Each structure stands twice: as structure tokens, then as C-alpha cells.
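Structural characterization, general
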Amino acid sequence: MAAVSLALCAGAAETNELTSAESSGGFKASATVDFVSDAMWRGIIYNDNPVWQPSATIAYDAEELGTVSVNVWASLDLTHKRGTMNKSRRSCGLQEIDYTLSYANKIGPVGVEAGHIWYTFPNDNGASDQDLYATVSFDNPVATPYASVYWNYSDSCGNDTSAVYFDFGLSRDFELTEELTLTPKATLGFGDHAYTNSKGGSELTDQTLGVAASYAITENLSVGAQVNYTWTPSHTLRKEGYMGEGKDQILWGGVSVSVEF
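In what follows, the accompanying structure is described. (Residues numbered from 1 in each chain as written. Predicted model: local features only at pLDDT ≥ 70, side-chain atom pairs only at ≥ 80, totals over all residues. Heavy atoms only, no water.)

Note on strand geometry: in a regular strand, side chains alternate between the two faces of the sheet. Note: strand β2 (residues 39–41) against strand β3 (residues 44–47), three bridges, orientation antiparallel. Looking at β3, one finds that W41 is bridged to I44. Between the antiparallel neighbours β2 and β3 lie two residues, among them R42 with a positive phi of about 55°. (Pairing = 2+ DSSP bridges. Helix = DSSP H or I, 4+ residues; strand = E, 2+ residues; numbered from the N terminus.)

As C-alpha cells, this is what we get:
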């Protein structure tokens, strides 16, 4: 099955939101808890049951010199049912903890970010995975495009450590009110042959159309919701079961709570 083994050794902590370097400098902290219907990772159904995913970030904003951030992200099951990729039955169990160290800055409308992600799986005999990544975006009044590349250079599961995954996206924030922001988005994933392990070689792995909403309750507290439609654009990967569980499309989403300090 294409890319399934790689999915078992890499999680869903990836984000493409560049750390802002426009606000006042100093240390900042934030925390978010997401409750989602399915755990998705690069178009693969990592768990087809509800999960909750807490995340915490500490960042130092050096203003013109950029921002250094440390993030810890985890994924925990909300049910005792067997997941698509994880066949264990650990009710509400911790399945994954990821650690990310990143640097971000902006040069005019151009944002850049580079970092390292360490994926760990506490209940999988110490399995781990490591990525180096880089992202560039262009902020403008119409929409914000970005392009990211991830290199899976270390993998305890024995996957090809030359695997490279590309992620492209486009989004725009619409401030409907002072408190409410609506953000439609579109993303496209592409994996090289080492990543897909497919007979077709390098392939378009996943495509997503989605919309997210965020409502600021206070200056530091907000709630959010998202809904997404993800499918496998490659005919070859659809036949090889890239998404898992005999599916090639899925509607998924969730809600979140975020706080900033």
C-alpha cells in the first residue's frame, strides 16, 4: 500500500502558518486544543475515529531578526475503536507526540520559515521520524499562496530517508466582523517516488478544499471550527489505497479552542 508505512512513522503536526514578526518583540506563548472527526496526515486517514490534539508553542520574537519557536503537539484517541492506521485499542490513549523547532521572518510581503520536526510514537516501541522543512509565502490583498518542502531524513521504521513531500496552498482571511474571521483554503500535496513508494513514481498525493472560522471571545481567547473535503487526485494512488480504509475521498472537520499569553 503506497506510503502507508511512512504514514505510521510521521504525524499530523505540520502547519504552514508562518510565525508573525510584525508584532512587538519578546517571549510569547500560545496553546490550542483541536477536536477533529478524523486524524488526517498528507491526505492519509491516520485514524478514522475522533481524536483530540493539544498543542503548545513558546516563541521569542526578535522583531526584524525574526522569530524562533518551539512547539509540542500531540494526538490522543477519543474512542476505543480501532483506527485505520493504528490497530490498537487504547481508549483515549496517547498515540503521538511531535516536537518542532522553527525560525520565521518576513521580508516585505514574503514570509520564510525553516525548521525541524521530530515525530514520536510512545505506544509503538519507540518509533520515531524526523523531517527538515522550509516554507515560503507571499502575503497580498487577494490571497496568500505558500509552498513547503519536507525531507524525511531519519526514519526508525526503515522507510527511504531520501523521501521528499511538497505542499502547496492558497488561502485568504475575510474579517466578517471585528471578532469573526472566515478563511477558505485550497492545498495540494505531491510526493516523490521515495515518498509514495508507488508503481507510478512521483505522484499528486492529496488535494483539499476547506474553510475555517475563528471567533475572538477576548483579546487572548478564541474558538474555531473547520470543515474540509480531501481526496486523492492520482488514479494510481487511488488504486494502491493511498488514503487507507478503501477510501479515496473524505469529508472531515472539527472545533478548537486557543489561548495566547
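Okay, back to it.
Our next topic: the packing of aromatic side chains. Two aromatic rings are characterised by how far apart their centres lie and by the angle between their planes. The final tally for this structure, using the stated rule, is 10 aromatic pairs. Ring geometry for Y133 and Y150: centres 5.6 Å apart, planes at 25°, overall stacked. Here Y133, found in strand β8 (residues 127–138), pairs with Y150, found in strand β9 (residues 144–155); they are 17 residues apart in sequence, far enough to count as distant. On the basis of relative accessibility, which here comes to 6%, the residue Y133 falls in the buried class. Take Y150: its relative accessible area is 1%, and that puts it in the buried class. Aromatic side chains Y150 and Y165 sit 6.4 Å apart centroid to centroid with 45° between the ring planes, which places their arrangement in the tilted category. A residue pair is termed long-range when its members are at least 10 positions apart, and Y150 in strand β9 and Y165 in strand β10 (residues 164–171) qualify at 15 residues. There is no split in this pair, since Y150 and Y165 are both buried. (Phe/Tyr/Trp six-rings, centres within 6.5 Å; stacked < 30°, edge-to-face > 60°. Buried < 20%, exposed > 50% of the residue type's maximum accessible area, 1.4 Å probe, protein only.)

For the rest of this paragraph, the subject is the nonpolar core. Judged by nonpolar contacts, the single largest core of 17 residues is most densely connected at I44, I117, F121, Y150, Y195 and Y242. When residues of this core are traced back to their parent elements, those giving at least two are β2, β3, β7 (110–121) and β8. Counting residues per element, this core draws most heavily on β7, at three residues. (Core = buried A, V, L, I, M, F, W, Y, C linked by side-chain atoms within 4.5 Å.)

Tallied over the full model, the rule gives two salt bridges. In this structure, the salt-bridge partner of R42 is D131, at a minimum N-O distance of 3.0 Å. You can see R42 sitting in the loop between β2 and β3 and its partner D131 sitting in strand β8, a full 89 residues away along the chain. Here the two residues R42 and D131 agree in accessibility, since each one is buried. One salt bridge in this structure joins K106 and D139, with 3.5 Å as the shortest N-O distance. Note that K106 is positioned in strand β6 (residues 94–107) and D139 in the loop between β8 and β9, a separation of 33 residues in sequence. Given a relative accessible area of 37%, D139 falls into the partly exposed group. (Salt bridge = Lys/Arg side-chain N within 4 Å of Asp/Glu carboxyl O.)

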